[in-house]
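The residues making up each chain are set out below.
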Amino acid sequence: MRTAAYWTITSIMVTECAVGGTMDLFRLAPFYPMMIDLGYPSYLSAILGTAKLIAAVILLAPRLPRLKEWAYAGVLINMIGAAASNAAAHQFSGMIAPLAFAVLALASWAIRPGSRRLSG
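The rules we used
- Here the residue numbers are simple positions, counted from 1 along each chain's written sequence.
- Per-residue local features of the predicted model are confined to residues with pLDDT of at least 70, and side-chain atom pairs are confined, for both listing and counting, to 80 or more; whole-chain, interface and lining totals are unaffected and use all residues.
- Hydrogens and waters are ignored; side-chain quantities use all the structure's heavy atoms.
- What counts as a ring pair is set by centres within 6.5 Å for rings of Phe, Tyr and Trp (its six-membered ring), and what kind of pair is set by the plane angle: stacked under 30 degrees, edge-to-face over 60, tilted for all other angles.
- Working rule: Lys NZ or Arg CZ, within 6 Å of ring centre, within 35 degrees of ring normal, means a charge sits over the ring.
- Runs of E in the DSSP output that reach at least two residues are strands. Runs of H or I that reach at least four are helices, and both are numbered from the N terminus.
- How far a helix is expected to stretch is found by multiplying one less than its residue total by 1.5 Å.
- Whether a residue is buried, partly exposed or exposed follows from its accessible area with a 1.4 Å probe, protein chains only, as a fraction of its type maximum: under 20%, in between, or over 50%, in that order.
- Within this analysis, the arc is defined by the directions that extend from the helix axis to the C-beta atoms.
- Two residues form a contact once any of their heavy atoms are found within 4.5 Å.

## A few points about the packing of aromatic side chains
Here is step 1 of the chain: Under the defined criterion, the tally for this structure stands at one aromatic pair.
Here is step 2 of the chain: Above the ring of F31, the side-chain terminus of K52 is found at 5.6 Å from the ring centroid.

So this is what it looks like as C-alpha cells:
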C-alpha cells in the first residue's frame, strides 16, 4: 500500500515537473505570463524549466539518493517560492496549486522506499 501511494504521489509530482519544465522552456501559458506578471526576468523561465526537467529525471531514476534529496529540495523551494510570489502580489488564488504540489513533494519524500533514501 505504501509503495503504491509513493508511486502515485511521485508520478503526479514528476508529471508536473516534466510538463511545467517543458512549458517553462518554451515560454508557454499559463506559467510564463504569470512569471512575467510577477516581475521576474524572462530568462528565469529557461533556468526553472531546465531544473524541473532534471528533477523529474532524477526522481524517477533508480538509486541516486543524494541527488534525490536535492531534487526534492529544489521542487519544494520552487513551489514555496511560487506561492510566496503570488501572495506578495496579492494573487492568493495563485497560491493553491504551488502549495498543493509542495505538499505532494513532502509526501513523496516522507514515504519514499528505503532504496531511495540516504543511508545512515
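## Considerations on unusual backbone geometry
Here is step 1 of the chain: Here A29 and P30 are connected by a cis peptide whose omega angle stands at 10°.
Here is step 2 of the chain: When you line up the elements, P30 lands in the loop between α1 (2-25) and α2 (31-37).
Here is step 3 of the chain: Even without glycine at this site, R63 takes up a positive phi of about 60°.
Here is step 4 of the chain: Mapped onto the fold, R63 is located in the loop between α3 (44-60) and α4 (65-88).
Here is step 5 of the chain: Positive phi, normally seen in glycine, also occurs at L64, with a value near 55°.
Here is step 6 of the chain: Examined against the element boundaries, L64 turns out to sit in the loop between α3 and α4.

## A closer look at helix α5 (residues 96-111)
Here is step 1 of the chain: The terminal C-alpha atoms of α5, which comprises 16 residues, lie 23 Å apart, in line with the 22 Å expected from a rise of 1.5 Å per residue.
Here is step 2 of the chain: Of all the residues in α5, the buried ones are P98, A102, A105 and S108. The arc that holds the buried residues of α5, viewed along the axis, is 125°, so those residues lie on one side. Seen from the open side of α5, the exposed residues pointing more than 90 degrees away from its buried face are I96 and V103.
Here is step 3 of the chain: Residues of α5 that are buried make contact with α1 and α4.

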